Amino acid sequence: MSKELTLTVISPDKILYQGKAESVILPGSVGYFGILPGHATLVSQLDFGLIKLHTSGKEFRIAIDGGFSEVRNDQIRVLTEGGESEDDLSHDHAIELLQEAEALPTSKEKENLLKKAKVRILLHER
């Protein structure tokens, strides 16, 4: 059994992450779940949330806007509608996104923009 996973996170605009990890936590549609090497084959719907991957004793986080994941043979593929890593977005910009979303009239779009902004803020909280 392999001691590493290969994680690929893809949005329509770019590859958000491609590399190795010792463990990965994904934001499933009914809650977060973890993947370790040797995990059974799995396809899952994802919600707005943070992907947390651990490698070399460090945690790296990626905010995603839902999507789907596939786990097979120690490879995890995530397809998401959008996302950012900690390096892509400052905390101040995430606060601005939240303020802009809060100013919108009530709608499904506002609800999704609020979720997106809140997840981006979580990127910078430890």
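The present account deals with the structure reproduced in this document. (Residues numbered from 1 in each chain as written. Predicted model: local features only at pLDDT ≥ 70, side-chain atom pairs only at ≥ 80, totals over all residues. Heavy atoms only, no water.)

In this section: the packing of aromatic side chains. The tally for this structure, following the rule as stated, stands at one aromatic pair. Their ring planes at 35° and their centres at 5.7 Å tell us that tyrosine 17 and phenylalanine 60 sit as a pair that is tilted. Linking tyrosine 17 in strand β2 (residues 15-21) with phenylalanine 60 in strand β6 (residues 58-72), this pair joins segments that are 43 residues apart in sequence. Residue classification places tyrosine 17 among the buried positions, given a relative accessible area of 16%. Over the ring of tyrosine 32 we find lysine 52, and its NZ or CZ is 5.9 Å from the ring centre. (Phe/Tyr/Trp six-rings, centres within 6.5 Å; stacked < 30°, edge-to-face > 60°. Helix = DSSP H or I, 4+ residues; strand = E, 2+ residues; numbered from the N terminus. Buried < 20%, exposed > 50% of the residue type's maximum accessible area, 1.4 Å probe, protein only. Lys NZ or Arg CZ within 6 Å of the ring centre and 35° of its normal.)

The next point concerns the environment of aspartate 74. Within the secondary structure, aspartate 74 sits in the loop between β6 and β7 (75-80). Each C-alpha atom of the pair aspartate 74 and glutamate 102 lies 40 Å from the other, and the pair is 28 residues apart in sequence.

In contact at an axis separation of 8 Å, helix α1 (residues 91-102) and helix α2 (residues 108-122) are set at 160° when each is read in the N-to-C sense. The angle between α1 and α2 places the two elements in the roughly antiparallel class. Judged by the twist between their axes, the crossing of α1 over α2 is left-handed. Along its contact with α1, which presents His91, Ala94, Ile95, Leu97, Leu98, Ala101 and Glu102, the element α2 presents Lys110, Leu113, Leu114, Ala117, Lys118, Arg120 and Ile121. Of the residues assigned to the contact of α1 with α2, the class counts are nine nonpolar, one polar and four charged. (Axes fitted to C-alpha atoms, helices over the stretch in contact; angles between N-to-C directions. Parallel < 35°, antiparallel > 145°, perpendicular 65-115°, else oblique. Left-handed = near helix turned anticlockwise from the far one by under 90°. Contact = heavy atoms within 4.5 Å. Nonpolar A, V, L, I, M, F, W, Y, C, P; charged D, E, K, R; others polar.)

Another point: a nonpolar patch on the surface. A surface patch of nonpolar side chains, amounting to about 260 Å² of accessible area, comprises Ile10, Ile15 and Leu79. Within the secondary structure, isoleucine 10 is located in strand β1 (residues 5-10). For isoleucine 10, a relative accessible area of 32% corresponds to the partly exposed category. (Patch = residues over 30% accessible without salt bridge, like charges linked within 9 Å, V, L, I, M, F, W, Y side chains within 5 Å. Areas by Shrake-Rupley, 256 points an atom, 1.4 Å probe, with all protein chains shown as cover. Salt bridge = Lys/Arg side-chain N within 4 Å of Asp/Glu carboxyl O.)

Quick look at the nonpolar core now. Nonpolar side chains in soluble globular proteins tend to end up buried together. Formed by 18 residues in total, the largest nonpolar core has its most connected members in Leu7, Val9, Val24, Leu26, Ile51, Ile76 and Val78. Of all the elements in the fold, those that place two or more residues in this core are β1, β2, β3 (23-28), β4 (31-35), β5 (42-55), β6 and β7. When neighbours within four sequence positions are excluded, leucine 26 is seen to be in contact with Gly31, Tyr32, Phe33, Ile35, Leu46, Ile51, Ser69, Ile76 and Val78. Membership of the second largest hydrophobic core comes to seven residues, among which are Ala94, Ala101, Leu114 and Ala117. (Core = buried A, V, L, I, M, F, W, Y, C linked by side-chain atoms within 4.5 Å.)

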